[in-house]
Amino acid sequence: MPRPVNVDTPEELRSQLERLQGSLAARQSILHFAHAGVATLVAFILAGAAIKLFWDSLRTPVLGFVAAAGALGLVVYSLSHYLKGRRELAGELKRYGDLLELRRRLRLDNPSLLLPR
């Protein structure tokens, strides 16, 4: 008798569950958001230093231009990592929804099944 197309065996469902758990174990979005946060903080510090150099200088401050360029570069770096983090987070949330659906189909979260019979 042929098996229905959408019905998976419990072994296949468990292997899918293990694969999803493995892919969700390393959260890449957190790494991207951390890079964005640290880069933004350093960019604010460099921008403040550049502003201070321009404010106090009698002549054209070359170091002020270098600090401003560094701050601008860090803002671009921060924005790119933030956008990468959002993309990764969307994929992680989709995979997490799939994981919850698999757990529901395998009835792993049903406490009445854990009781001795």
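Owing to the predicted nature of the structure, the values given are computational and were not obtained by experimental measurement.

Enquirer: Just checking my understanding: could you explain the UniProt feature "transmembrane region" (unreviewed entry) in the protein for this structure?
Expert: Under the UniProt annotation, the feature "transmembrane region" (unreviewed entry) is placed at residues 33–55 and 61–79. Here residues 33–55 is 100% helix and 0% strand, with 33 Å between the C-alpha atoms at its ends. Helix makes up 95% of residues 61–79 and strand 0%, whereas the separation of the span's terminal C-alpha atoms amounts to 27 Å.

Enquirer: So what exactly am I meant to see when it comes to the packing of helix H1 (residues 10–25) against helix H3 (residues 62–106) here?
Expert: Axis angle and axis distance: for two packed helices, these are the angle between their axes and the distance between the axes, and together they describe the pair. Between H1 and H3, whose axes approach to 10 Å, the crossing angle comes to 150 degrees. For the element pair H1 / H3, the angle class is roughly antiparallel. Here the hand of the crossing between H1 and H3 comes out left-handed. Residues Pro10, Leu13, Arg14, Gln16, Leu17, Leu20, Gln21, Ser23 and Leu24 of H1 pack against Glu92, Arg95, Tyr96, Asp98, Leu99, Leu102, Arg103, Arg105 and Leu106 of H3.

Enquirer: Explanation requested: the side chain of His32 in the structure shown.
Expert: Here His32 is to be found in helix H2 (residues 28–56). Ignoring sequence-local partners within four residues, the contact set of His32 consists of His81, Lys84, Gly85 and Glu88.

Definitions and cut-offs
Residues numbered from 1 in each chain as written. Predicted model: local features only at pLDDT ≥ 70, side-chain atom pairs only at ≥ 80, totals over all residues. Heavy atoms only, no water. UniProt positions renumbered as here; feature names shortened; annotations may be inferred. Helix = DSSP H or I, 4+ residues; strand = E, 2+ residues; numbered from the N terminus. Axes fitted to C-alpha atoms, helices over the stretch in contact; angles between N-to-C directions. Parallel < 35°, antiparallel > 145°, perpendicular 65-115°, else oblique. Left-handed = near helix turned anticlockwise from the far one by under 90°. Contact = heavy atoms within 4.5 Å.

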